[in-house]
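Residues per chain, in single letters:
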Amino acid sequence: MNCRSEVLEVTVEARQVEEAMLALLHTILLHRSSGKFHYKKEGTYSIGTVGTLDIDCDFIDFTFVRVSSEELDRVIRKAVSEFKDALSNSGSDGMGQISLEFYQKKKSRWPFSDECIPWEVWSIKVNVVNLANEQERQICREKVGEKLGEKVINVVEVINRHEYLPKMPTQSEVDNVFDTSLKDVQPYLYKITYQITDSLGTSVSTTMRRLIKDTLAL
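Residues numbered from 1 in each chain as written. Predicted model: local features only at pLDDT ≥ 70, side-chain atom pairs only at ≥ 80, totals over all residues. Heavy atoms only, no water.

### Focus: the pairing of strand β1 (residues 4-13)
Moving on, step 1. Judged by how many residues are buried, β1 sits mostly within the fold: seven of ten residues are covered.
Moving on, step 2. The pairing of β1 with strand β8 (residues 115-129) spans ten bridges and is classified as parallel. Directly across from E13, in β8, lies its bridge partner V129. (Buried < 20%, exposed > 50% of the residue type's maximum accessible area, 1.4 Å probe, protein only. Helix = DSSP H or I, 4+ residues; strand = E, 2+ residues; numbered from the N terminus. Pairing = 2+ DSSP bridges.)

Have a look at this one:
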């Protein structure tokens, strides 16, 4: 099986990291989750509904939609908080990447552990910039909101392609495809990882600063 890979890139100031990552990760998971499966007998099941919430950002002019599951939100927030802290500890300017990998399990014979086979990976590259004053921060607030809107549209376009998805499992195999640990939603099996680098890509930071300066000049 070929694992498809998608890369998104955003430039933000430090206080926007958490909201930007939550917006993108929750957008992806919204489209990679289903309601809980309720099996009547092997091969026959119904699927529960998935509730949604509109979330307004505090530091970005942006509203995103997420699954209403508080359990799922806590898991995502914990991972994003760890990433944000690692990024801030790397220095005033930094670059990192957080990845959301979807996988399915392939049962192995004892004594070997199950094999985890990825089928889709989303990598979000994050560039952190320092801004000089509140006027620049206000412009960045608007520009990041616009960029996030473009990224969300990109995510939806990718997900709407007719690409590989794991086939619907039987009751005995549902744990090989879906995370069944949550009480109100059932995302595909996933894991979140991150990497931190010490220096910011000059071209990326320059682009954001040019956007801000061009706006100030208007």
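Read on for the rest.
### Regarding helix α1 (residues 17-30)
Moving on, step 1. Under the 1.5 Å per step criterion, the end-to-end length of α1 is 20 Å for 14 residues, consistent within 8% with the ideal 20 Å.
Moving on, step 2. Most of α1 sits out of view: twelve of its 14 residues are buried. (Expected span 1.5 Å × (residues − 1).)

### A closer look at the packing of α1 against helix α2 (residues 70-89)
Moving on, step 1. It is at 10 Å that the axes of α1 and α2 come closest, and there the two elements cross at 140 degrees. Relative to α2, the element α1 lies oblique. Between α1 and α2 lies a crossing of right-handed hand. Every residue of α2 that contacts α1 at V17, E18, M21, L22, L25, H26 and L29 is listed here: D73, I76, R77, V80, F83, K84 and L87. (Axes fitted to C-alpha atoms, helices over the stretch in contact; angles between N-to-C directions. Parallel < 35°, antiparallel > 145°, perpendicular 65-115°, else oblique. Left-handed = near helix turned anticlockwise from the far one by under 90°. Contact = heavy atoms within 4.5 Å.)

### Remarks on the pattern of salt bridges
Moving on, step 1. For the structure shown, the criterion picks out 14 salt bridges.
Moving on, step 2. For the salt bridge of R4 with E120, the shortest nitrogen-to-oxygen distance reads 2.9 Å. With R4 in strand β1 and E120 in strand β8, this residue pair connects regions lying 116 residues apart in the sequence. For the pair shown, R4 and E120 are each scored as buried. (Salt bridge = Lys/Arg side-chain N within 4 Å of Asp/Glu carboxyl O.)

### Remarks on α2
Moving on, step 1. Here α2 contains 20 residues, and its C-alpha end-to-end distance of 28 Å stays within 8% of the 28 Å for a straight helix at 1.5 Å per residue.
Moving on, step 2. In this structure, the buried side of α2 is in contact with α1, β2 (33-34), β6 (63-67), β7 (94-106), β8 and β10 (190-197).
Moving on, step 3. Here α2 starts with a cap whose side-chain oxygen sits 3.4 Å from the backbone nitrogen of E71, and that cap is S69. (Polar contact = N/O pair within 3.5 Å; in protein donor to acceptor, adjacent residues only side chain to side chain.)

### Re the layout of surface pockets
Moving on, step 1. Considered as a void within the structure, the second largest pocket measures approximately 170 Å³ in volume.
Moving on, step 2. As for the second largest pocket, its lining consists of Q104, K105, P166, K167, M168, P169, T170, E173, N176 and V177.
Moving on, step 3. Of the residues belonging to the lining of the second largest pocket, the class tally is four nonpolar, three polar and three charged. (1 Å grid on protein atoms, 1.4 Å probe; cavity = no way out; pocket = protein on both sides within 12 Å on 5 of 7 lines; lining within 4 Å. Points joined across faces, edges and corners; volume = space filled by probe spheres on them. Nonpolar A, V, L, I, M, F, W, Y, C, P; charged D, E, K, R; others polar.)

### Some details on the side chain of Q16
Moving on, step 1. You can see Q16 is positioned in the loop between β1 and α1.
Moving on, step 2. The class of Q16 is buried, set by a relative accessible area of 0%.
Moving on, step 3. For Q16, the residues in contact, after removing those within four places along its chain, are F59, I60, C140, R141 and V144.

### What about the side chain of E19?
Moving on, step 1. Along the chain, the position of E19 falls in helix α1.
Moving on, step 2. Of the side chains bearing the opposite charge, R141 lies closest to the buried E19, which forms no salt bridge; the N-O distance is 6.7 Å.
Moving on, step 3. Setting aside its immediate chain neighbours within four residues, E19 contacts C57, D58, F59 and I60. (Lys, Arg positive; Asp, Glu negative; His and termini not counted.)

### Some remarks on the sheet that holds β8
Moving on, step 1. Spatially, the four strands line up as an open sheet ordered β1-β8-β7-β10, and their pairing is mixed. Edge strands, defined here as strands with exactly one partner in the open sheet, are β1 and β10. The average undirected angle you get between the axes of adjacent strands in this sheet is 20 degrees.
Moving on, step 2. With eight bridges connecting them, β7 and β10 associate as antiparallel partners. Along β10, the bridge assignment pairs F102 with Y190.
Moving on, step 3. The sheet strands contacting α1 are β1, β7, β8 and β10, and the helix crosses β7 at an angle near 20 degrees.

Geometry only, nothing functional implied.
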